[in-house]
Amino acid sequence: MSGVTAGAAIATFPGTATAQTAPTNPRFFGRMFNLPPFAPATQQVQEALRELGRPGGIMDAKDPLNEGPVRLITNPELSPNNVDNPFHTAGTTFFGQFVDHDFTFDLNSRLAVPTPPETSPNTRFPTLSLDSVYGGGPNANPEFYDPADRVKFRVESGGLFEDLPRRSDRVAIIADPRNDENLIIAGLHAAFLLFHNRVVDLVRSQGAPADQVFNRAKQIVTWHYQWIIVHEFLPQIIGHGLTQDILRHGRQFYRPAPGQFFMPVEFQGAVYRFGHSMIRPSYRANLAGDPGGNPATGAPAFFGFIFDPAGQGQADPVDLRGRARARRRFIGWQTFFNFGDGQVRANKRIDTMISTPLFNLPLQAIPSNDPPTSLPQRNLLRHLTWSLPSGQAIAEAMRIPILTREIFPELRPLGNNLDASTPLWYYILKEAKYLGDGITLAGVGARICGEVFFGLLQLDPTSYLSVQPTWTPTLPRRNANTFTMVDLLTYARVDPASRRQ
Ligand code: HEM
């Protein structure tokens, strides 16, 4: 294949190993690969990265925002860089974001300031056990739970449908503030709260002793969620073949000792941020919340840009930012997952084009609340924070095909050898486009992503893969052989049929 060379011997980097060397622990970040940084953390490299991730720059999809949120969706030809992925639905993005918030949260490192991961705390526990929803449980965090029934979550109403519990200043009372960053992830968090509450009813109806109800419900919720990750989400983002390959043949590169598993910065700072490339500039949040929401048809659908500066300071913002409550601010899930009613919409393909609104985030969407407000710039500067290796170096260490510099002509003008020693995030996005046709991650990105997910599931002694690998879902489902997000939302009663609209 032109532009791709087979991985050469690892000896190119004398004295380095390909797998993590320093023992670490789950409370801190760590490294998967002991390889040199892609570039030195100089002012000059910093400027090149800022250029690469700037508004209007190489990565900006340049969506014509002046067309408005409705036309940008209904007239795809207006946004040629916003290409449909026929194998993902729009909800894949927000499920991916929800998962991100379950196992990694860096509140300490500083952009572009080199920092050893092993001494940098991860605010989330790196397991897929929903601490972003449960917090420390009803005793440690009673504020998340219903005072009238302490094993159930508090859920409030936005006027028509469910909303997160909120303080009087509208800040959500939930275990991870990022789950109120936009309306769709807030809706997903609320769906998980309702899902848990319904499972509590089930467990009680089966006669569970009162002191076991919470833990039993939590295990059922968590295992069904983990099942969705293994059987629905991972095949979508890394492909069915690689998912099965890692399950059957094991992990090659992410192999920490059982008590020493950790969140690797190659995944946290670069690979898993591939999800930023799947975000659309605008969405249809629901079909029936906003009278006259679609000016072209008069339909009562609520459309909005994911972020729009015009929404700043508005009580019911025009955009889909979080931290707001109003009747129209709920999610009609038929747009995001396939309920078989013809309403579902596709995700954006995975490539190096990032939707324009993400180059100008509201400060409230940035956990540290500070600039730069360009998400691509933040991602790229984080590579200097963690001294991440280049995509090419990791491909070489993995002995898999390397994308050669001819594939990155747009990076050459930035100097600093970035076309041959490419920041990992940019590299894995290019792999997805070039090798995966934008449908899935490929190469380095797919392998790191799959191994970290399976590693963190297999090394967690409470996951279903550890406790009972032959376990299969027990809750009602459409297809007897599996359990999907559609089933979860249906059980939570936030599906279109339950809303009767
Ligand atoms: C509208 C949707 C999203 C927005 C506005 C958003 C925004 C952000 C912001 C502001 C950060 C912090 C950047 C930094 O300072 O380094 C971040 C981090 C991150 N994002 Fe997103 N993101 C979104 C969706 C996603 C999705 C879909 C994924 C993956 C599928 C993802 C994966 C990550 C990861 C892994 C981090 C690092 C988390 C940490 O450990 O702190 N994000 N995102």
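What counts as what
Residues numbered from 1 in each chain as written. Predicted model: local features only at pLDDT ≥ 70, side-chain atom pairs only at ≥ 80, totals over all residues. Heavy atoms only, no water. Donors = N, O, S within 2.8 Å, 3.2 Å for Na, K, Ca; no water. Helix = DSSP H or I, 4+ residues; strand = E, 2+ residues; numbered from the N terminus. Buried < 20%, exposed > 50% of the residue type's maximum accessible area, 1.4 Å probe, protein only. Salt bridge = Lys/Arg side-chain N within 4 Å of Asp/Glu carboxyl O. Axes fitted to C-alpha atoms, helices over the stretch in contact; angles between N-to-C directions. Parallel < 35°, antiparallel > 145°, perpendicular 65-115°, else oblique. Contact = heavy atoms within 4.5 Å. Nonpolar A, V, L, I, M, F, W, Y, C, P; charged D, E, K, R; others polar. Near = heavy atom within 4 Å. Polar contact = N/O pair within 3.5 Å; in protein donor to acceptor, adjacent residues only side chain to side chain. Phe/Tyr/Trp six-rings, centres within 6.5 Å; stacked < 30°, edge-to-face > 60°. Core = buried A, V, L, I, M, F, W, Y, C linked by side-chain atoms within 4.5 Å. pLDDT = per-residue confidence, 0-100. Expected span 1.5 Å × (residues − 1).

**Q** Which residues make up the coordination of the iron atom of the ligand, and what are the values?
**A** No other protein atom reaches the iron atom of the ligand as a donor apart from His276 (NE2), found 2.2 Å away. As for its position among the elements, histidine 276 is in the loop between helix H9 (265-269) and strand E9 (282-286).

**Q** Lay out unusual backbone geometry with the relevant residues and their values.
**A** The linkage connecting proline 371 with the following residue, proline 372, adopts the cis geometry, with an omega of 5°. Summarising the element assignment, proline 372 is placed in the loop between strand E11 (346-348) and helix H10 (375-385). Positive phi, close to 80°, is recorded for arginine 170, a residue that is not glycine. Mapped onto the secondary structure, arginine 170 falls in the loop between strand E7 (162-163) and helix H6 (183-205). Look at arginine 170 and you get partly exposed, because its relative accessible area is 30%. If you check the backbone angles, arginine 399 has positive phi at about 60° while not being a glycine.

**Q** Provide a residue-level description of the pattern of salt bridges, including the pertinent values.
**A** A complete count under the given rule lists 28 salt bridges for this structure. With its nearest N and O atoms 2.8 Å apart, the salt bridge here joins arginine 325 to glutamate 156. Of this pair, arginine 325 sits in the loop between strand E10 (302-305) and E11 while glutamate 156 is found in strand E6 (residues 156-157), placing the two residues 169 residues apart along the sequence. Among the salt bridges present, the one from aspartate 370 reaches arginine 378, with a minimum N-O distance of 3.4 Å.

**Q** With reference to specific residues and values, describe the packing of helix H7 (residues 213-238) against helix H13 (residues 443-458).
**A** Packing of H7 against H13 leaves a shortest axis separation of 11 Å and a crossing angle of 175°. Compared by their axis directions, H7 and H13 come out roughly antiparallel. Listed contacts from H13 to Gln226, Ile229, Val230, Phe233, Leu234, Ile237 and Ile238 of H7 are Ala446, Cys449, Gly450, Phe453, Phe454 and Leu457. Classifying every residue of the contact of H7 with H13 by side-chain character gives 11 nonpolar, 2 polar and no charged.

**Q** Requested: an account of the site of the ligand, with residues and values cited.
**A** The environment of the ligand is made up of 23 residues, and the closest members are Thr104, Gln268, Arg273, His276 and Arg382. Aspartate 100 places a polar side-chain atom, nitrogen or oxygen, 3.3 Å from a nitrogen atom of the ligand. The element that contributes the greatest number of residues to the shell around the ligand is helix H3 (residues 91-103), accounting for 4 residues. Classifying every residue of the shell around the ligand by side-chain character gives 8 nonpolar, 8 polar and 7 charged.

**Q** So, the packing of aromatic side chains: which residues are in play, and what are the values?
**A** Using the criterion set out here, one finds 37 aromatic pairs in the structure. Considering the side-chain rings of phenylalanine 192 and phenylalanine 195, the 6.4 Å spacing of their centres and the 80° angle between planes classify their relative orientation as edge-to-face. Here the residue phenylalanine 192 and the residue phenylalanine 195 both occupy positions in helix H6, the gap between them amounting to 3 residues, near one helical turn. For the pair phenylalanine 192 and phenylalanine 195, one class covers both residues: buried.

**Q** Summarise the nonpolar core; cite the residues concerned and give the values.
**A** Core analysis: the biggest nonpolar cluster contains 141 residues, and Tyr272, Trp333, Ile448 and Phe453 have the highest contact counts within it. With 15 residues, the top contributor of residues to this core is H7. Not counting residues up to four positions away in its chain, the partners in contact with tryptophan 333 are Ile184, Gly187, Leu188, Phe339, Leu489, Val494 and Arg499.

**Q** Residue-level account of the environment of phenylalanine 214, with values.
**A** Following the sequence through the fold, phenylalanine 214 ends up in helix H7. C-alpha of phenylalanine 214 to C-alpha of proline 138: the two residues are 76 residues apart in sequence and 8.8 Å apart in space. The contacts of phenylalanine 214, once residues within four sequence positions are left out, are Tyr134, Gly137, Pro138, Tyr145, Val151 and His196.

**Q** Outline the confidence of the model for the protein chain, supporting the account with residue identities and numerical values.
**A** Taken over all residues, the pLDDT of the protein chain has a mean of 94, while the share at 70 or more is 95%. Under a pLDDT of 50 for its full length, residues 6-20 has, in the predicted model, 37 contacts with residues more than four places off or in other chains.

**Q** Go over the side chain of glutamine 392 with me, naming the residues and quoting the values.
**A** Counting through the fold element by element, glutamine 392 comes out in helix H11 (residues 391-398). Setting aside its immediate chain neighbours within four residues, glutamine 392 contacts Ile402, Leu403, Phe408, Asp419, Ala420, Ser421, Thr422 and Tyr427.

**Q** Tell me about H3, and please be specific about residues and values.
**A** Residues three or four positions apart in an α-helix share a direction because the helix packs 3.6 residues into each turn. For H3, spanning 13 residues, the distance from its first C-alpha to its last is 19 Å, which sits close to the expected 18 Å at 1.5 Å a residue. Most of H3 is tucked away: 12 of the 13 residues are buried. When we look at burial in H3, the residues that qualify are Gly91, Thr92, Thr93, Phe94, Phe95, Gly96, Gln97, Phe98, Val99, His101, Asp102 and Phe103.

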